[in-house]
Amino acid sequence: MDGWWYRNVVEPGKLPLLLALVSFVGSFLVTRTITRLIRAGKGPFRNITTGDVHVHHVVPGIFLMLVGGFWAVAAGRHGFGSMCAAVIFGIGAGLVLDEFALILHLDDVYWSEQGRKSVEVVVLTTALVVLILTGFTPFGVNELSVTERHNRFAFALNIVVNCGFALIAMLKGKLRTALIGMVVPFVALVGAIRLARPGSAWARRFYRNRPRVRARAGLRAFRHDRRWTAKRRWLQDVIGGRPDPEPRPAPPRRRS
């Protein structure tokens, strides 16, 4: 076990990345627990305000990310300083991505349906970092031999091809597939080959005059969403809490 730890984590300089991942996940879970307690009115925790301004935890998160990021650049991959910087960066990233939906919508949508995006981004980020920790590298570079890595043309061509697959998957409306495909090229290839989701940039451009393809794409997206949406929302609710119910529109007033 000691040999595996040194060979796969310490020697490649992945210990700071592991610490950043643990602090990132821990920061997110602790933050969600506190916000859920505040929402339920339990415990000693309260929202932080200054005057009439509610200070969201994304603010200290950005500050911690800046401190940890610049410190990590200065400290390198080895040493006690790099590990401290990784922990600070991970805590800040957890605070920031916990309010990703707020940044995206420029509105306090933390407990709304749009707020689910924060949980989804955190889960996706965790998955990508775990893949990198387990030996994968962005753009599929880990699949190249030592000779191919030293061949600049082969190295550049590999990155361009894999980025191309990921870009096509993104244009087809498959953001999760594209992001994971940046680390695992086979995933991006599958996303690039399969039909685009309705409403995506690819579908609007290439399926406009192809009604049969549009129908197939719509049916496939419907079946996929029917199978996975409820499960994904259940997992998001377990991790981040159930959003507030959407307010019902007021019934139309009768004319007298």
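Please read these numbers as outputs of a predicted model, since none were measured by experiment.

Draft legend 1. Inspection of the packing of aromatic side chains at higher detail. The full count for this structure, using the stated rule, is two aromatic pairs. Ring geometry for Tyr-110 and Trp-111: centres 4.9 Å apart, planes at 85°, overall edge-to-face. Each member of the pair Tyr-110 and Trp-111 is classed as buried. With a centroid separation of 4.5 Å and 40° between ring planes, the pair formed by Trp-202 and Phe-206 is classed as tilted. Taken together, the residues Trp-202 and Phe-206, both in helix α11 (residues 201–206) and four residues apart, mark about one turn of the helix. The partly exposed category is assigned to Trp-202, whose relative accessible area is 22%. Assessed through its relative accessible area of 38%, Phe-206 is described here as partly exposed.

Draft legend 2. Representation of a positive patch on the surface within the structure. A surface patch of positive charge is lined by Arg-194, Arg-210, Arg-216, Arg-220, Arg-223 and Arg-226. Tracing the backbone through its elements, the reader meets Arg-220 in helix α12 (residues 211–240). Residue classification places Arg-220 among the partly exposed positions, given a relative accessible area of 36%.

Draft legend 3. View of a nonpolar patch on the surface. A cluster of nonpolar side chains, namely Ile-62, Leu-66 and Phe-70, defines an oily patch on the protein surface of about 330 Å² accessible area. Locating Phe-70 in the fold gives a position in helix α3 (residues 58–75). The class for Phe-70 is exposed, based on a relative accessible area of 62%.

Draft legend 4. Up close: the environment of Tyr-110. Relative to the elements of secondary structure, Tyr-110 occurs in the loop between α5 (100–105) and α6 (116–133). You can call Tyr-110 buried: its relative accessible area is 12%. Between the C-alpha atom of Tyr-110 and that of Phe-100, which follows or precedes it by 10 residues, the distance is 8.9 Å. When sequence neighbours within four positions are dropped, the list of residues in contact with Tyr-110 reads Arg-32, Thr-35, His-57, Asp-98, Glu-99 and Gly-115. A polar contact of 2.7 Å, which involves the side chain of Tyr-110, links it to the side chain of Asp-98.

Draft legend 5. Layout of the pattern of salt bridges. Within the structure shown, the criterion is met by eight salt bridges. A salt bridge links Arg-116 to Asp-237, with the shortest nitrogen-to-oxygen separation between them at 2.8 Å. Residue Arg-116 is found in helix α6, and its partner Asp-237 is found in helix α12; the two are separated by 121 residues along the sequence. Judged by relative accessible area, which is 12%, Asp-237 ranks as buried. For Asp-237, the salt bridge goes to Arg-242, with nearest N and O atoms at 3.7 Å. Arg-242 sits in the exposed class, given a relative accessible area of 59%. One network of salt bridges, with partners in common, ties together Glu-113, Arg-116, Arg-233, Asp-237 and Arg-242.

Draft legend 6. Main features of the packing of helix α2 (residues 15–40) against α6. Relative to each other, α2 and α6 sit at 160°, their axes nearing to 10 Å. Between α2 and α6, the angle is such that the two are roughly antiparallel. Seen along the crossing, α2 lies across α6 with a hand that is left-handed. Taken together, the residues of α6 that come into contact with α2 (itself represented by Leu-17, Leu-18, Leu-21, Phe-24, Val-25, Phe-28 and Arg-32) are Ser-118, Val-119, Val-122, Thr-125, Thr-126, Val-129, Val-130, Ile-132 and Leu-133. Here the residues of the contact of α2 with α6 are counted per class, giving 12 nonpolar, three polar and one charged.

Quick notes on the rules
Just so you know, the residues in each chain are numbered from 1, in the order the chain's sequence is written. Local features in a predicted model are, by the rule used here, given only for residues with pLDDT of at least 70; side-chain atom pairs are given and counted only at 80 or more, and totals for whole chains, interfaces and linings are based on all residues. Remark: hydrogens and water are excluded; side-chain values derive from all non-hydrogen atoms of the structure. Any pair of Phe, Tyr and Trp rings, taking the six-membered ring for Trp, is counted once the centres come within 6.5 Å. Such a pair is stacked with planes under 30 degrees apart, edge-to-face with planes over 60 apart, and tilted for the rest. Working definition: with a 1.4 Å probe on protein chains only, accessible area under 20% of the residue-type maximum means buried, over 50% means exposed, and in between means partly exposed. Helix numbering and strand numbering both begin at the N terminus, where a helix is a DSSP run of H or I of at least 4 residues and a strand a DSSP run of E of at least 2. Residues qualify for a patch when their relative accessible area is over 30% and they have no salt bridge, like charges being joined within 9 Å and the nonpolar side chains of Val, Leu, Ile, Met, Phe, Trp and Tyr within 5 Å. The method behind every accessible area is Shrake-Rupley, applied with a 1.4 Å probe, and residues are considered shielded solely by the protein chains displayed. Salt bridge criterion: a side-chain nitrogen from Lys or Arg within 4 Å of a carboxyl oxygen from Asp or Glu. Charged-residue counts in this description rest on Lys and Arg as positive and Asp and Glu as negative, His and the chain ends being excluded. Positions of charges follow a simple convention, taking NZ of Lys, CZ of Arg, CG of Asp or CD of Glu. Whether two residues are in contact is decided by their heavy atoms: any pair within 4.5 Å suffices. The term polar contact refers here to a pair of N or O atoms within 3.5 Å; inside protein, the definition further demands a hydrogen-donor-capable atom paired with an acceptor-capable atom, and it admits residues adjacent in sequence only when both atoms are side-chain atoms. For helices, the fitted axis covers only the stretch in contact; all axes are lines through C-alpha atoms, and the angles between them, taken along N-to-C directions, range from 0 to 180 degrees. When an angle is under 35 degrees it counts as roughly parallel; over 145 it counts as roughly antiparallel; between 65 and 115 it counts as roughly perpendicular; any other value is oblique. The hand of a helix crossing depends on one turn: near helix anticlockwise from the far one by less than a right angle means left-handed, and clockwise means right-handed. For this classification, Asp, Glu, Lys and Arg are treated as charged, while Ala, Val, Leu, Ile, Met, Phe, Trp, Tyr, Cys and Pro are nonpolar and the rest, including Gly, are polar.

Any functional reading would require information that these geometric values do not contain.
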